[in-house]
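Take a look at the letters that make up each chain.
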Amino acid sequence: MNIMDMLQQSGGIGTMAKELGVNESVAQAGAAALLPAILGGFKKTTQAQPSGLDGLGGLLGQLGGGGLLDSVLGSEPTPVEQGNEVLGQIFGSKEVSRTVAAGAEQQTGISSDLLKKMLPVVAMMVAGYMAKQSTDSAGNGGGLGGLLGGLLGGGNNAPSGSMGGLGSLLDLNGDGNPLDDIIGMAGKLVR
């Protein structure tokens, strides 16, 4: 199941649409445009962790774990400050979030103001889903690595001598360096 299917089936897209007062197709288009940057941010964050996936699992737990997804799906308004914490961890600055929203606006025609409101909610759903999946697979990094690989649409086909399983799963273009993917994505968004 890809990440958009998960967001749709969990009810996250519908919940976000209701909270923001938009129809579900707008919420889905916005989430689809924001996901590559969010997943790229998680990829970069994972590679920056000295313990790789275990570090990411710990970070997800500190940020709220599976409760992040539950917060979005619950009956109370989504506590977006938690989503902003997630974004702070994966993007590092509000400027990156603005750039991501501007790029998604060009791609979808949805206003960047609305996309900026979607960004923390989508980040919470992704982080919460990853945290739930990592605990469902007995908390081992293999489950989280497989999950991230699946979310990014990657396979475990890294050339020998590269970063290995985790790196290949998180390297969007398979060149062994995830940072060029993030920088390239941000560069496209700034133009």
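Scroll up to find the structure this text is about.
On a predicted model such as this, the values are computed, not experimentally measured, just so you know. (Residues numbered from 1 in each chain as written. Predicted model: local features only at pLDDT ≥ 70, side-chain atom pairs only at ≥ 80, totals over all residues. Heavy atoms only, no water.)

**Description of the overall build of the chain**
For the chain, the count of helices and strands is 11 helices and zero strands. The secondary structure elements of the chain, listed N-terminal to C-terminal, are α-α-α-α-α-α-α-α-α-α-α. Within the span of the chain, comprising 191 residues, buried residues form 46% of the whole. For the chain, long-range pairs separated by at least 24 residues make up 65% of all intrachain contacts whose partners lie at least 6 apart in sequence. Carbon and sulfur atoms make up 51% of the accessible area of the chain, which totals about 8600 Å². (Helix = DSSP H or I, 4+ residues; strand = E, 2+ residues; numbered from the N terminus. Buried < 20%, exposed > 50% of the residue type's maximum accessible area, 1.4 Å probe, protein only. Contact = heavy atoms within 4.5 Å. Areas by Shrake-Rupley, 256 points an atom, 1.4 Å probe, with all protein chains shown as cover.)

**Details of the pattern of salt bridges**
Going through the model one piece at a time under the given rule, you end up with three salt bridges. Salt-bridge contacts for R98 lead to E95; the nearest nitrogen and oxygen are separated by 3.0 Å. Separated by three residues within a single helix, R98 and E95 lie in helix α7 (residues 94-108), roughly one turn from each other. Residue class for E95 comes out partly exposed when judged on its relative accessible area of 47%. (Salt bridge = Lys/Arg side-chain N within 4 Å of Asp/Glu carboxyl O.)

**Details of the side chain of S97**
With respect to the helices and strands, the residue S97 is situated in helix α7. Residues within four places of S97 in sequence aside, it is in contact with L87, F91 and L119.

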